[in-house]
Amino acid sequence: MSTTAPALGTFSVRPLDPSPTSGGETPSDAELLHRWVTHPKAAFWMMQDAVLQDVEREYMRIAAHEHHDAFIGLHDGEPAFLMERYDPRHVELVGLYEPEPGDVGMHFLVAPTDTPVHGFTRAVITAVMRELFADPATRRVVVEPDVGNKAVHALNAAVGFVPEREIQKPEKTALLSFCTREQFEAAVGDMEVPR
């Protein structure tokens, strides 16, 4: 599925290929991700000190997981963001809240750039949410960002997320937040939301 944002172009996703690097001219997905997750702007991703093999291992693990998927997000056909989808009954939030049928967990990371475009990150999270709600089984998206990540809290609110409470995860104190299809529709206005 692809989404077009006025004045910003087209956004789409493809499955991430976590295969070890091949040494070709085009960077592998793992090489792209390594650059993204170790950038100072990705501090909340908690992989600042990762080497390439750490990133390959982590995304090979996700690729093999029955309840976790990773995707490379494309902007006008070029890699621009990472999207992860997971089942919170089995990954990330087990025992931390009571999941409901149709809950889907989400992480996203926008690639660092020296030339930021106003509204780009909001367009990315909107495209991610559209992708998740394109599955009719998805009733609610669940996120658990670090309580200190004020920028992502604002982005989440902009697309309809409502914080519920702080939770303690092994690696961080997180702000558990939810967004139903109806909340997303209300937040994005008259833009079409998949049913």
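None of these values were measured; they are calculated from a predicted model. (Residues numbered from 1 in each chain as written. Predicted model: local features only at pLDDT ≥ 70, side-chain atom pairs only at ≥ 80, totals over all residues. Heavy atoms only, no water.)

What follows concerns the pairing of strand S4 (residues 78-86). Here strand S3 (residues 68-75) pairs with S4 via 8 bridges, running antiparallel. What sits directly across from Leu-74, in S4, is Pro-79. Linking S3 to S4, which pair antiparallel, is a turn of 2 residues; within it Asp-76 sits at a positive phi near 50°. Inspection of the sheet shows S4 paired to strand S5 (residues 103-110) by 6 bridges, in the antiparallel sense. Bridge pairing links Leu-82 to Leu-109 in S5. (Pairing = 2+ DSSP bridges. Helix = DSSP H or I, 4+ residues; strand = E, 2+ residues; numbered from the N terminus.)

Before going further, it helps to spend a moment on the environment of Gly-95. Structurally, the position occupied by Gly-95 is in the loop between S4 and S5. The exposed category is assigned to Gly-95, whose relative accessible area is 75%. Sequence separation between Gly-95 and Leu-74 is 21 residues; the distance between their C-alpha atoms is 34 Å. (Buried < 20%, exposed > 50% of the residue type's maximum accessible area, 1.4 Å probe, protein only.)

In this section: the packing of helix H3 (residues 120-133) against helix H4 (residues 150-158). Two quantities define a packed helix pair, namely the angle between the axes and the distance from one axis to the other. Put simply, H3 and H4 touch, their axes get as near as 10 Å, and they point 55° apart. Between H3 and H4, the angle is such that the two are oblique. As for how H3 packs across H4, the hand of that crossing is right-handed. The segment H3 lies against H4, with Thr-121, Arg-122 and Ile-125 engaging Leu-155, Asn-156 and Ala-158. Here the residues of the contact of H3 with H4 are counted per class, giving 3 nonpolar, 2 polar and 1 charged. (Axes fitted to C-alpha atoms, helices over the stretch in contact; angles between N-to-C directions. Parallel < 35°, antiparallel > 145°, perpendicular 65-115°, else oblique. Left-handed = near helix turned anticlockwise from the far one by under 90°. Contact = heavy atoms within 4.5 Å. Nonpolar A, V, L, I, M, F, W, Y, C, P; charged D, E, K, R; others polar.)

Right, let's talk about the side chain of Asp-103 for a bit. Position of Asp-103 among the secondary structure elements: in strand S5. A relative accessible area of 8% places Asp-103 in the buried class. Polar side-chain contacts of Asp-103 include one of 2.7 Å to the side chain of Tyr-97. Within the structure, Asp-103 has its side chain in polar contact with the backbone nitrogen of Glu-100 (distance 3.0 Å). If sequence neighbours within four positions are ignored, Asp-103 has contacts with Pro-88, Tyr-97, Arg-140 and Val-142. (Polar contact = N/O pair within 3.5 Å; in protein donor to acceptor, adjacent residues only side chain to side chain.)

The quantities given are spatial measurements derived from coordinates; they are silent on function.
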